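Notes for the structure review
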Amino acid sequence: MSAAPPVFLGSEVVEKHLHRASLLIPSLEAALANFSSGAEGGVVQPMRTVVPVQKYSGFLGVMPAYSAKDDALTTKLVTFYEHKKDSSVPSHQAIVLLFDPRNGSLKAFLMPADSEVLCILGAGVQAYSHYEVFTEQFSFKEVRIWNRTKENAVKFARSVKGPPVQVCSSAQDAVTGADVIITVTMATTPILFGEWIKPGAHINAVGASRPDWRELNDEVMKNSVLYVDSREAALNESGDVILSRAEIFAELGEVVKGTKPALREKTTVFKSLGMAIEDTVAAKFVYDSWSAGN
Ligand SMILES: NC(=O)C1=CN([C@@H]2O[C@H](COP(=O)(O)OP(=O)(O)OC[C@H]3O[C@@H](n4cnc5c(N)ncnc54)[C@H](O)[C@@H]3O)[C@@H](O)[C@H]2O)C=CC1
Ligand SMILES: O=C([O-])C1=[NH+]CCC1
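Within every chain, residues take consecutive numbers counted from 1 along the sequence as written. Here the convention is simple: chains get letters from A, ligands get numbers from 1, in the order in which they are written. Totals for whole chains, interfaces and linings use every residue, but because this is a predicted model, local features are given only for residues with pLDDT of at least 70 and side-chain atom pairs only at 80 or more, for both listing and counting. Side-chain metrics rest on all non-hydrogen atoms present in the structure, leaving aside hydrogens and water.

Attention shifts here to the pattern of salt bridges. Side chains that differ in sign of charge can pair as their charged atoms come close. Salt bridges are defined as contacts in which a side-chain nitrogen from Lys or Arg sits within 4 Å of a carboxyl oxygen from Asp or Glu. The full count for this structure, using the stated rule, is 11 salt bridges. Of the charged contacts, one joins Arg48 and Glu237 as a salt bridge, the two residues approaching to 2.8 Å between their closest N and O atoms. Accessibility classification places Arg48 together with Glu237 in one group, the buried group. Put simply, Arg214, Asp218 and Asp240 are held in one network by salt bridges that share partners. Partly exposed describes any residue whose relative accessible area lies between the buried limit of under 20% and the exposed limit of over 50%, with all areas from a 1.4 Å probe on protein chains only and scaled to the type maximum.

Structure, rendered in structure tokens:
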């Protein structure tokens, strides 16, 4: 018997089945915990391979993963290129290939405590999705944004559907007094400085995914309790971790499992690099919903 031909699920189908990013939170929590449980967690996820395309200031990432508990096998292929101001092409483009783990057949493609003040540095694709999830999950009294190109911050503030967003003229103005700070830029040198940060704030550091790229300066890294998605990846790929020599306290999956505490009263950094297993559970979620005809 031959395998069914793979289906192509484009962004419209993905958005229909994953109409709110927060629908993925339970699967992502489980995936992080499984990842941080070693062999018992049933996750096989080698370090991603990153191919530099130096001539054009770009990178190709290959991100395979298998989850025995979800019985899902995928690989993501993602390119990320330095943003050209006049480019109509997004800086990141990705496709997730979902295989049938029983026989390796290709099934589908998939494109893809009381905090009061939220601050977002950056106004690109990740800024929109983080705004959506954070304002849905938590009630902030104030949301601020700063972006290198101010007009994109203004566009962001005008277009998001949710709590109003205040556009700040400097990163320092946006950060001062903020309880939660999200860095979602393509910066390669620090844009967030320790002296600006309110003690006890939480920083979600999403950009700077190369060993020589920074978003956070040494003071932020050294004066915070550091959480990562994957120790191995952080020590190989994160310029903020490698160059600051900051000590890693825990993987987020260990917090989800309860084997390491969430030190909420301390200044904390979660350095996220993105893991293939997150794409695995996301791809399975969309494919299962699509194939059930929802
Ligand atoms: N940790 C994770 O799971 C993931 C991380 N990323 C990373 O998140 C970051 C944001 O990604 P997207 O929103 O998709 O990118 P995007 O291209 O849509 O937006 C990039 C933003 O960074 C700003 N920017 C660019 N160069 C800058 C600089 N030198 N200084 C300050 N701001 C600068 C731009 O104005 C724009 O607001 C990237 O570094 C990307 O690689 C992306 C996907 C997943
Ligand atoms: O997880 C991901 O896809 C990426 N993280 C950094 C660049 C792309």
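Once the structure has been displayed, the description carries forward.
With that out of the way, let us pick up the nonpolar core. The term nonpolar core refers to a set of buried residues drawn from Ala, Val, Leu, Ile, Met, Phe, Trp, Tyr and Cys, joined through side-chain atoms within 4.5 Å. Membership of the largest hydrophobic core comes to 30 residues, with the highest contact counts inside it found for Leu121, Ile181 and Leu192. In this analysis, two residues are considered to be in contact whenever any of their non-hydrogen atoms come within 4.5 Å of each other. Apart from the residues lying within four places of it in its own chain, the contact partners of Leu121 are Trp146, Ala171, Ala174, Val175, Ile181, Ile182, Thr183, Val184, Thr185, Ile191 and Leu192. Ile120, Tyr131, Phe140 and Phe156 belong to the second-largest nonpolar core, a separate cluster that totals 17 residues.

The next point concerns the site of ligand 2. Near, as used in this document, describes a residue that has one of its heavy atoms within 4 Å of the molecule or strand being considered. Near ligand 2 you find Arg48, Met63, Lys76, Phe80, Ser209, Leu273 and Gly274, and these make up its full shell. At 2.6 Å from an oxygen atom of ligand 2 is found a side-chain nitrogen or oxygen belonging to Lys76. Here a nitrogen atom of ligand 2 sits 3.0 Å away from a polar atom, N or O, in the main chain of Leu273. Basically, the charged four are Asp, Glu, Lys and Arg, the nonpolar ten are Ala, Val, Leu, Ile, Met, Phe, Trp, Tyr, Cys and Pro, and anything else, Gly included, counts as polar. A breakdown of the residues in the shell around ligand 2 according to their chemical character gives 3 nonpolar, 2 polar and 2 charged. Between N or O atoms, a polar contact is any pair within 3.5 Å; within protein, one atom must be a potential hydrogen donor and the other a potential acceptor, and residues adjacent in sequence are included only when both atoms are from side chains.

Another point: the pairing of strand 11 (residues 180-183). Burial along strand 11 is two-sided: the face carrying Val180 and Ile182 and the face carrying Ile181 and Thr183 are both buried. Two strands qualify as a pair provided DSSP detects at least 2 bridges between them. Numbering of helices and strands starts at the N terminus; helices are DSSP runs of H or I of at least 4 residues and strands are runs of E of at least 2. Bridging between strand 8 (residues 117-121) and strand 11 involves 4 bridges; their strand directions are parallel. In the sheet register, Ile120 faces strand 11, and the bridge partner there is Ile182.

Around ligand 1 sit 21 residues in total, of which Ser91, His92, Gln126, Asn147 and Thr185 are the nearest. Measuring from a nitrogen atom of ligand 1, one finds a side-chain N or O atom of Arg148 at 3.3 Å. Between ligand 1 and Met186 there is a distance of 3.1 Å, counted from an oxygen atom to a backbone nitrogen or oxygen. The method behind every accessible area is Shrake-Rupley, applied with a 1.4 Å probe, and residues are considered shielded solely by the protein chains displayed. For ligand 1, the accessible surface in isolation is 870 Å², of which the surrounding protein chains cover 85%. For the shell around ligand 1, the class distribution of residues is 9 nonpolar, 11 polar and 1 charged.

Summarising burial for strand 9 (residues 142-146): 4 of the 5 residues are buried, a large majority. The pairing of strand 8 with strand 9 spans 5 bridges and is classified as parallel. Pairing of Leu118 across the sheet is with Val143, part of strand 9. Between the parallel elements strand 8 and strand 9, the chain passes through helix 3 (residues 125-137) in a crossover that is right-handed. Pairing of strand 9 with strand 10 (residues 165-167), which is carried by 3 bridges, proceeds in the parallel orientation. Residue pairing across strands places Ile145 opposite Val167, the latter belonging to strand 10. By convention a crossover is right-handed if, when the strands point away from the viewer, the path from the first strand over the helix to the second runs clockwise. The parallel pair strand 9 and strand 10, bridged by helix 4 (residues 150-159), forms a crossover whose chirality is right-handed.

Positionally, Ala39 belongs in the loop between helix 2 (25-35) and strand 2 (43-44). Assessed through its relative accessible area of 80%, Ala39 is described here as exposed. Between the C-alpha atom of Ala39 and that of Ala21, which follows or precedes it by 18 residues, the distance is 28 Å.

As summarised here, the arrangement of the 8 strands in space is 10-9-8-11-12-15-13-14, forming an open sheet in which the pairing is parallel. Each edge of the open sheet is held by one strand with a lone partner, namely strand 10 and strand 14 (248-251). Recorded for the sheet is a direction-independent mean angle of 20 degrees between the axes of neighbouring strands. In this analysis, axes come from line fits to C-alpha atoms, helices being fitted only over the stretch in contact, and the angle between any two N-to-C directions falls in the range 0 to 180 degrees. Contacting strand 8, strand 9 and strand 10, helix 4 crosses the sheet at an angle of about 165 degrees to strand 10.

That is the geometry; function is a separate question.
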